[in-house]
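The chain contents come next:
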Amino acid sequence: MYRKGSILWPGGKAPSDAHCDEDKRLAILAAHGVDALVDDPELQELVELAAKICAAPMALVTMVEEGRQLFLTRAGIDARETPRSTSFCAHAMLGSEAMEVCDAREDERFADNALVTGPPYISFYAGHPLISAEGAPLGALCVIDTVPRTAGLTGFQQESLGVLARAVMRRISQRRLGETAQEAVAVRDDYLQRMIDSVPGIAWSADASGKFDQINAQWEDLTGLPKPTTVEDWRAAIHPDDWDKALAAFEASLESGQPYEYEWRLKLSDGDYRWMLSRAVRIPMGKDANRWFGTVIDVDRQHRLSESRDLLANELSHRIKNIFAVVSGLVAIRSRGKPEVADFAAELNQTIRALGAAHDYVRPGHGKGGGTLSGLLADLLAPYGTAEQERFSVSGPGIKIGARAATPLALIFHELATNSAKYGALSCAEGHVTVTVEDDCAGGDDVCVNWEESARSCGIPDESEREGFGSRLLRMAVEGQLGGTFERTFSEEGLEVRIVFPRSAVES
């Protein structure tokens, strides 16, 4: 509404009716934390610029509170606040447009105002409302003069005051957003810490050098020790027998950047120890910056269960090994004094010993030759060597053999060795067996074994000896049990056997 001595000119954002409710308005004002902006340098510069542009002796940034008008920054006036009842800005902030009072002494709203009739003797007032993002009126940016201005501000001055008012509001909102962001970060950090503390194990983080800066509450709950800040601080919590290897493994990971994984015993606050699985990974956090994040999880029950199973497996394995010895002994006893079965008994005992050798490759903690196919071949052929002459050679990569494959492999190569001792290269002093293991052969992911006998001086088996029970046994084991192929070639030089196995069959 226009009044005598007053001019309304287009302003900025209009107040929202919903937020003009005084309780809501005051709540939004409080959320801005404006007390922290009193004498804010940026707002002070804006106030002084407004005074210069408008050629006014006084300029203010005001916040209208419940009972007072607070001056955040001011120019040309010493007072810090005035009662709300005398506030011009309380009127200006409620308008949809900026407000000018050309002569307050002639304006019925302000003629009797103590600020008009007394210091600072306001005659001219121009105020631009400060409206929050929600639409709540908070106060105003205003300029004041002690003499009336019939023509009011120029168009340039009005526009400038509007621009400066928006800059003031951005500064006030920036403060609010900063506090809101800090509160959000604090809430998030608290949430994250609560989540980490609830993890059923120790969780930690460290910088690239291994300096620990975060560790959850489980550490103190389990160990009763202060939270560690260096690697050395962990020594008191780790079993002395495990410390050196665990430390070496962790330092190696710090050096290489590879994930860390190790089992060690943690000393609890009551003095007992429990097996833990410690894991950590390095995470890139930016240019030339990395951090380590790790966990320590209780695996005591699983560890002890595994130990019990290993103990049982070793006991069963030992008993099976004894069974081989007993059976071999029984064969020897039963065949004693019976020359007609002596050859059969000797061959049967050799087969039993071959099975025993194969069993060594599946016994927990007792694998020979590194548990490889080359190692098994060397063990099976060892009885045919002599101190004076090497009768065989085995070469090729150390391909691991699985528990299921060990027995059929032992039978296959025992049968080849037995046949060689009867009819081939191992049947005479000059003969020699060369075994070559090939990896990724036959154009795919297969394992090949070439068995070559140099047996020119030993004689070549006749046709009747080439397809007997032994050959059928070989084919059954190679093709039936391991899913491989078997090729045998006789020549004047001797014998060449090529066997191809799927890698999956050998390693299973």
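These remarks concern the structure in this document.

Procedures and definitions
- Residues numbered from 1 in each chain as written.
- Predicted model: local features only at pLDDT ≥ 70, side-chain atom pairs only at ≥ 80, totals over all residues.
- Heavy atoms only, no water.
- Salt bridge = Lys/Arg side-chain N within 4 Å of Asp/Glu carboxyl O.
- Helix = DSSP H or I, 4+ residues; strand = E, 2+ residues; numbered from the N terminus.
- Buried < 20%, exposed > 50% of the residue type's maximum accessible area, 1.4 Å probe, protein only.
- Pairing = 2+ DSSP bridges.
- Axes fitted to C-alpha atoms, helices over the stretch in contact; angles between N-to-C directions.
- Contact = heavy atoms within 4.5 Å.
- Right-handed = clockwise from strand over helix to strand, strands pointing away.

Some words on the pattern of salt bridges
- For the coordinates displayed, the defined rule picks out 22 salt bridges.
- Taking the shortest distance from any N to any O, the salt bridge between R80 and D39 comes out at 2.9 Å. Separated by 41 residues along the polypeptide, R80 in the loop between β3 (68-75) and β4 (81-83) and D39 in the loop between α1 (22-31) and α2 (41-53) bring together distant segments of the chain.
- Ionic pairing is found between D103 and R105, a salt bridge with its closest N-O pair at 3.2 Å.
- The class of D103 is buried, set by a relative accessible area of 10%.
- Because the salt bridges share partners, they merge into one network encompassing R274, D298, D300 and R304.

Regarding the sheet that holds strand β11 (residues 273-286)
- Taken together, five strands build an open sheet; the order of strands is β9-β8-β12-β11-β10 and the sheet is antiparallel. Across the chains shown, the open sheet's two edge strands, defined by having one partner strand only, are β9 (212-215) and β10 (260-267). Between one strand axis and the next, the sheet turns by 25 degrees as a mean value, whatever way the strands run.
- With six bridges joining them, strand β8 (residues 202-207) and strand β12 (residues 289-298) adopt antiparallel strand pairing. Bridge pairing links A203 to T295 in β12.
- The strands touched by helix α7 (residues 240-256) within the sheet are β8, β9, β10, β11 and β12, with β10 carrying the most contacts at an inclination of about 150 degrees.

Observations concerning the sheet that holds strand β13 (residues 392-395)
- Overall, mixed pairing links the five strands, which are arranged β13-β14-β15-β17-β16 in an open sheet. Since the sheet does not close on itself, it has two edges, and those belong to β13 and β16 (485-491), each with one partner. Ignoring which end each strand starts from, the neighbouring axes of this sheet average 10 degrees apart.

Let's talk about the pairing of strand β14 (residues 432-441)
- As judged from the four bridges shared by β13 and β14, these two strands associate in the parallel manner. The residue bridging V394 from the neighbouring strand is V435, located in β14.
- Taken together, β13, helix α11 (residues 403-423) and β14 constitute a β-α-β crossover, and its handedness is left-handed.
- Bridge count for β14 against strand β15 (residues 446-454) is nine bridges, and the pairing is antiparallel. Bridging from a neighbouring strand, E438 pairs with C448 of β15.

Read these as spatial facts, not as claims about activity.
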